[in-house]
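# Reading the structure
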Amino acid sequence: MSDTAASSPARSDFIRDMIAADLADGRNDGWVITRFPPEPNGYLHIGHAKSICLNFGLAQEHAPRSRCHLRFDDTNPAKEDTEYVDSIMEDVRWLGFDWGEHLFYASDYFDKLYEFAEQLIQKGLAYVDDLTAEQLREYRGTLTEPGKNSPHRDRGIEENLDLFRRMKTGEFADGAKILRAKIDMAHPNMNMRDPALYRILRAHHHRTGDKWCIYPMYDYAHPLSDALESITHSLCTLEFEDHRPLYEWLINNVDGLPGRPYQREFARLNLTYTVMSKRKLLRLVKEGHVAGWDDPRMSTISGFRRRGYTPAAIRDFCKTIGLTKFKSTTDVALLEHAIREDLNKNALRAYAVLRPIKVVIENYPEGRVEHVEAPNNPEDESAGKRQVPLCRELHIEQDDFMENPVAGFHRLVPGGEVRLKFAFCIICKEVVKDAAGNITELRCTYDDATRHGKKPEGRPKPKGIIHWVSAQHAFEAEVRLYDRLFVNEDPEAGDADFISNLNPHSLEVLTNAKLEPSLKDAKPGAHYQFERVGYFFTDPKDSQPGTPVFNRTVGLKDSWAKEVAKTK
RNA sequence: UACCUCGUGGUGUAACGGUAACACAGGAGAUUCUGGAUCUCUUAUUCAAGGUUCGAAUCCUUGCGAGGUAGCCA
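Residues numbered from 1 in each chain as written. Chains lettered and ligands numbered in written order. Predicted model: local features only at pLDDT ≥ 70, side-chain atom pairs only at ≥ 80, totals over all residues. Heavy atoms only, no water.

### A look at the overall build of chain A
For clarity, the threshold we go by: Secondary structure elements are defined from DSSP: runs of H or I of at least 4 residues count as helices, runs of E of at least 2 residues count as strands, and each element is numbered from the N terminus. Buried residues are those whose accessible area, probed at 1.4 Å on protein chains only, stays under 20% of the maximum for their type, while exposed residues exceed 50% and partly exposed ones sit between those limits. Note on contacts: a residue pair is in contact if any heavy atoms of the two residues lie within 4.5 Å. To measure how exposed things are, a 1.4 Å probe is used in the Shrake-Rupley method; for residues, cover is taken only from the protein chains shown.
Helix and strand content of chain A: 13 helices and 25 strands. With the C-alpha coordinates aligned to their principal axes, the bounding extent of chain A is approximately 100 × 50 × 45 Å. For chain A, the residues scored as buried account for 53% of the 568 residues in total. Expressed as a percentage of contacts within chain A between residues at least 6 apart in sequence, the contacts between residues at least 24 apart total 71%. In the structure as shown, chain A presents an accessible area of about 25,800 Å², 48% of it carried by carbon and sulfur atoms.

### Points about the pairing of strand β21 (residues 475-482)
Where we set the bar: Strands qualify as paired when DSSP identifies two bridges or more between them.
Of all eight residues making up β21, six are buried, and the element is well covered by its neighbours. Pairing of β21 with strand β22 (residues 507-515), which is carried by seven bridges, proceeds in the antiparallel orientation. Paired with Y482 across the bridge in β22 is L507. Of the pairings in the sheet, the one linking β21 to strand β25 (residues 549-555) comprises three bridges and is parallel in character. Looking across to β25, one finds that R480 is bridged to N551.

### Re the protein's contact with RNA strand B
Heads up, the rule is: When we say a residue is near a molecule or strand, we mean one of its heavy atoms is within 4 Å of it. Contacts described as polar in this section are N or O atom pairs within 3.5 Å, which, within protein, must combine one atom able to donate a hydrogen with one able to accept it, while residues neighboring in sequence count only if both atoms come from side chains.
Near RNA strand B, the surroundings consist of 68 residues, among which R11, R349, H410, R411 and Q529 are the closest. The sugar-phosphate backbone supplies 63% of the atoms of RNA strand B found within 4 Å of the protein. Contacts to RNA strand B include H452, whose backbone N or O atom sits 3.3 Å from a base nitrogen. Going through the elements one at a time, α5 (133-140), β6 (196-200), α12 (332-346) and α13 (559-567) are the ones with two or more residues in the surface near RNA strand B.

### Considering the sheet that holds β25
What counts is decided by this rule: Axis angles are defined between N-to-C directions and span 0 to 180 degrees, where every axis is a line fitted to C-alpha atoms and, for a helix, only to the segment in contact.
Strand order in the open sheet formed by seven strands is β10-β23-β24-β25-β21-β22-β11, with mixed pairing between adjacent strands. The two strands at the open ends of the sheet, each matched to only one other strand, are β10 (348-350) and β11 (352-353). Taken together, the five bridges between strand β24 (residues 534-538) and β25 define a ladder with antiparallel strand orientation. If you follow T538 over to β25, its bridge partner there is F550. Lying on the sheet, α12 is in contact with β10, β23 (527-530), β24 and β25; it crosses β25 at an angle near 120 degrees.

### Some words on the sheet that holds strand β1 (residues 32-36)
For sheets, the rule is that strands pair by backbone hydrogen bonds, running either parallel or antiparallel. Spatially, three strands are ordered β1-β2-β3 in an open sheet, and the strand pairing comes out parallel. The two strands at the open ends of the sheet, each matched to only one other strand, are β1 and β3 (103-105). The mean inter-strand angle of the sheet, taken between neighbouring strand axes irrespective of direction, is 30 degrees. Note that β1 and strand β2 (residues 66-72) share five bridges and pair parallel. Counterpart to V32 in the pairing with β2 is S66. Packing of helix α3 (residues 82-94) onto the sheet brings it into contact with β1, β2 and β3, and relative to β2 it is tilted by some 155 degrees.

Printed below as a string of structure tokens:
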């Protein structure tokens, strides 16, 4: 559960191979400079973690002649907000990465970007167009037909310059004119059909305020920002593949750039039972299907954090999934495996009975209290041991008792015996029910000779070992059982709205779980394994001193549940 | 029927002209004071057809399939 990303050996992939080849060719003076360029218009999700681990990971692998910049791609003030800037920085740091001094904003370059635009105009490579958005669409042509030139395409340089300056000074209405690159309206790649470079947009920018009323487009700002920061490898997702010729065009046609970046694309992460687009995540939040961006069911980094995932597990997962150009969907089981691996080694163990049944041990003296010793983590002796109180009345899990047991059930049954973990064995003598026939209590007896794992000669060793809490000492706490947010592997498949695939049981709140007393002091943000149940995280927002709230991170692997499911 | 990209077990990846492998998931067993963990074993793979080659997942050709692209979003 280390909080920093150690530079552990990364698997080779086509990006790393390419960088190795560049280095071997003596490119960039042996430097590797990458960037993570989020737009501050939403919270980061697990797919971004893949990109973060890649870009920052590459910098770590190539130290000391390397670095990774955090650059906010804030060229569309209409959608962006400082709330998102803050959350993004928090998430990147939490994942264990550090951009050091290299925090940038595309808006830092607005002045330079503007000068470059004038330069392109001077070279006859850009022009101001008066076409409306609708006309522009008509002139662009279609995927199979070429576009046609705008009537304004051949304006003189001086006229273009004058118009562009007047766009900047606010002389024209929003949308009245745009600056376009002059490339080729018949180009088979739509991105090369005189793409827009600048639009007029009167919106308050989170950093530049009202200084500008024209804003550069992503396609224009991104390559030039990369070049201005001397980025060597600009890594993005597959949907930008078709933009690469434009990226190259700009890098090749703008003079005075300090760097020569290359763009390369990789496949974005898809996860089963998950949606990953910011737009859809925003909708889940806005429509109240979840409690917020950091709802533990969300695929956001803040959601996973609040669920109890660790940075190490997410980094590990990112390493496992690799990097290719093939569009794939990763089984969420891989992610769950990563968090179980981490938490198994590092989470403290505790006893919690989620759905209690009362057990009375008839031959245990009333009023007597003893303490049994339990290791805090059997995987890590240095975690120490604790004393767990025990008395005549206990709670055990409803699932650990069956009045009419099915074949293969190893736990408590009428007349049968189980071991109370770290204590002794009990035999169920009587099942007490209320008028409605609900079980209210189990009357049992214990055998003192079975303490400390011992079994008396000639008696079969009980196969079942169950957890328990002392009724007198336990306290009640809220426990939130989170499950997958969607019922389908691919919530976006088919014609139906993805909202219709929401899992109605993705959250179950338990209010009378009985927890062992040591949990009363659980610190917000602490990880536990509730033995035989799952991994739980003390909710950092809703826990109060003395009244912790627990979120289920992930259940334990449960081969008995699998067995039961098979027979159904 | 434009352009670009991609096709390896159920899933994610590796193999860089030389025995198709790893992890997860699935199955069987051992072990265990967590039906957890651990350990062993196991099921299952190169889109297709041609070609080059002593030898092809890899190179070539053709076909098939999947995805992306027509914002003044990123």
